[in-house]
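Structural overview
The primary structure of each chain is shown beneath.
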Amino acid sequence: MSKEAGPTARGAESISQGVNPSSCSSTLPHDVGSIIASHRTVAYADSLATIDRPPAEDEGLPPAKIYRPYSVHVLALLMPASIFGVLARLGLQALVTYDGQSVFPLAYVQATGCFIMGVALGMKTPLGFCGSLTTFSGWQVDIFDSWVDSGQFHRTGLGDFIDGLTKTWITLVLSLASLMFGVYIAGLILPYLPPLKPPKRNMRYCLTVLSIFTYAATFPAYFRLPANYRHQATAALLFSYPGTLTRYLLSINLNPRIKLFPLGTFTANALGTALLGVFHVLQGVPSAVSPDACSLLQGLGDGYCGCLTTVSTFAAEVDALEGWKASFYVILSWAVGQLLLLIIMGSSFWVGHVSKQLTCSF
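Presented here is an overview of the structure given in this document. (Residues numbered from 1 in each chain as written. Predicted model: local features only at pLDDT ≥ 70, side-chain atom pairs only at ≥ 80, totals over all residues. Heavy atoms only, no water.)

**What to know about the nonpolar core**
Counting 32 residues, the largest nonpolar core has Met117, Leu121, Leu179, Phe314 and Tyr329 as its most contacted members. For this core, the elements supplying multiple residues, two or more each, are helix 2 (32-37), helix 4 (105-123), helix 5 (130-133), helix 6 (136-148), helix 7 (157-189), helix 13 (312-320) and helix 14 (323-350). Here the element with the most residues in this core is helix 4; it accounts for 6 residues. Membership of the second largest hydrophobic core comes to 19 residues, among which are Leu297, Leu341, Ile344 and Met345. (Core = buried A, V, L, I, M, F, W, Y, C linked by side-chain atoms within 4.5 Å. Buried < 20%, exposed > 50% of the residue type's maximum accessible area, 1.4 Å probe, protein only. Helix = DSSP H or I, 4+ residues; strand = E, 2+ residues; numbered from the N terminus.)

**Notes on the pattern of salt bridges**
Enumeration over the complete set of coordinates arrives at 7 salt bridges. Asp163 is paired through a salt bridge with Arg155; the nearest N and O atoms lie 3.5 Å apart. Between Lys167 and Asp163 there is a salt bridge, and its shortest N-O distance comes to 3.7 Å. Separated by 4 residues within a single helix, Lys167 and Asp163 lie in helix 7, roughly one turn from each other. Lys167 sits in the buried class, given a relative accessible area of 12%. (Salt bridge = Lys/Arg side-chain N within 4 Å of Asp/Glu carboxyl O.)

**A few points about the packing of aromatic side chains**
A complete count under the given rule lists 12 aromatic pairs for this structure. Seen in terms of ring centroids, Phe136 and Phe314 are 5.4 Å apart; in terms of plane orientation they differ by 65°. Their pairing is edge-to-face. You can see Phe136 sitting in helix 6 and its partner Phe314 sitting in helix 13, a full 178 residues away along the chain. There is no split in this pair, since Phe136 and Phe314 are both buried. Between the aromatic rings of Phe314 and Tyr329, the centroid separation amounts to 5.1 Å while the plane-to-plane angle is 55°, which identifies the pairing as tilted. Pair noted here: Phe314 is in helix 13 and Tyr329 is in helix 14, with a separation of 15 residues, a long-range link. Lying across the ring of Tyr222, Arg230 places its NZ or CZ 4.6 Å from the centre. (Phe/Tyr/Trp six-rings, centres within 6.5 Å; stacked < 30°, edge-to-face > 60°. Lys NZ or Arg CZ within 6 Å of the ring centre and 35° of its normal.)

**What about the packing of helix 3 (residues 72-95) against helix 10 (residues 230-254)?**
In the contact formed by helix 3 and helix 10, the axes pass within 8 Å of each other and the chain directions differ by 135°. Taken together, the axes of helix 3 and helix 10 lie oblique to each other. Crossing of helix 3 over helix 10 shows right-handed handedness. Across the interface between the two elements, Val74, Leu75, Leu78, Met79, Ser82, Ile83, Val86, Leu87 and Leu90 from helix 3 touch Gln232, Ala233, Ala236, Leu237, Ser240, Tyr241, Thr244, Leu245 and Tyr248 from helix 10. (Axes fitted to C-alpha atoms, helices over the stretch in contact; angles between N-to-C directions. Parallel < 35°, antiparallel > 145°, perpendicular 65-115°, else oblique. Left-handed = near helix turned anticlockwise from the far one by under 90°. Contact = heavy atoms within 4.5 Å.)

**Quick look at the packing of helix 3 against helix 4**
In contact at an axis separation of 8 Å, helix 3 and helix 4 are set at 140° when each is read in the N-to-C sense. What the angle tells us is that helix 3 and helix 4 run oblique. Regarding helix 3 and helix 4, the two cross each other, and that crossing is right-handed. For the pair helix 3 and helix 4, the contacting residues are Arg89, Leu92 and Gln93 in the first and Pro105, Leu106, Tyr108, Val109 and Thr112 in the second. Broken down by class, the residue content of the contact of helix 3 with helix 4 amounts to 5 nonpolar, 2 polar and 1 charged. (Nonpolar A, V, L, I, M, F, W, Y, C, P; charged D, E, K, R; others polar.)

**Observations concerning a nonpolar patch on the surface**
Together, Leu158, Phe161, Ile162, Leu165, Trp169 and Val173 make up a nonpolar patch on the protein surface, roughly 600 Å² of accessible area in all. Within the secondary structure, Trp169 sits in helix 7. On the basis of relative accessibility, which here comes to 48%, the residue Trp169 falls in the partly exposed class. (Patch = residues over 30% accessible without salt bridge, like charges linked within 9 Å, V, L, I, M, F, W, Y side chains within 5 Å. Areas by Shrake-Rupley, 256 points an atom, 1.4 Å probe, with all protein chains shown as cover.)

**A few points about the state of the cysteines**
The final tally for this structure, using the stated rule, is 1 disulfide. Each disulfide pairs two cysteine sulfurs, and for Cys294 the partner residue is Cys360, the sulfurs being separated by 2.1 Å. Its torsion about the S-S bond being -90°, the disulfide of Cys294 and Cys360 is classed as left-handed. Highlighted residues: Cys294 in helix 12 (residues 291-308) and Cys360 in the segment after helix 14, separated in sequence by 66 residues. Both residues of the pair, Cys294 and Cys360, count as buried. The thiol of Cys130 is not disulfide-bonded; the next cysteine sulfur, from Cys114, is found 8.1 Å away. With relative accessibility at 0%, the residue Cys130 sits in the buried group. (Disulfide = S-S within 2.5 Å.)

In structure tokens:
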């Protein structure tokens, strides 16, 4: 959930330490969107916890604009954000998947999500959509599939290595560039937009109820719509909100803990990558899995893991961290993801006789 907030006293100090001496000023804005727009960095990763935290009391905002992290209104708004994020991701992937494609489908997904994230950060607008649209776990599995040539392409081991490396650096470059472009666009249009007023109490409760009903509708959609819709979308919608909620709770509780890198986002991305690897293994076991089980596994991968992990928040954190800490965060996140998949998927392929291709029938 991408919500910006002002810094705490230590957050303000960390930002000042990360700015070039020529431009350092305690009066500069400290929200993440402003940091990225002004090409500044922060020295302490715990000051980036404001990306996922709703507006708090220490920001000097009027009471109407303050939301407690565990408020029912905040938690409920994650529901439609999760659903529409998953639908956008699955729809965009389907649109850009075709024979002879020049760009791998997830590149479009990550770039689009990071661009929207940049706009949201630049406009200081709460938006939980981007974390559900982008997926770190899907990116990691896509890279590992290239290493092991799960598509059974006629190429050498060097070709497998280059393909995985290409998906790594193109995703990183596209995500960071799209994020910065989104912040830039927000800066261009923000002066011409009227300030958004916080919703009144009645409207806030209406939005909360509507959000809950939106997620509740995913259950009849799964059970009442045709069965062939389950692996395509409806199973993913069921698990979208639990994934987003898990990521949000990890971010709120763990991101402020250490200075070196955002622990909450790192934990969510690592956990989601490991789980997605497990689900892929289960979908490739030699003994046939029932169609219903296959649909649920696909839904857990697309919905829970896709919403639990995020490239958009990851990119914002990388862009805002100072040099060596940003590099350390990227390398550690990528290496841990690939190591987990090597242990889970690699051992299953090479020792457990699990197929690299899905054996599930929907």
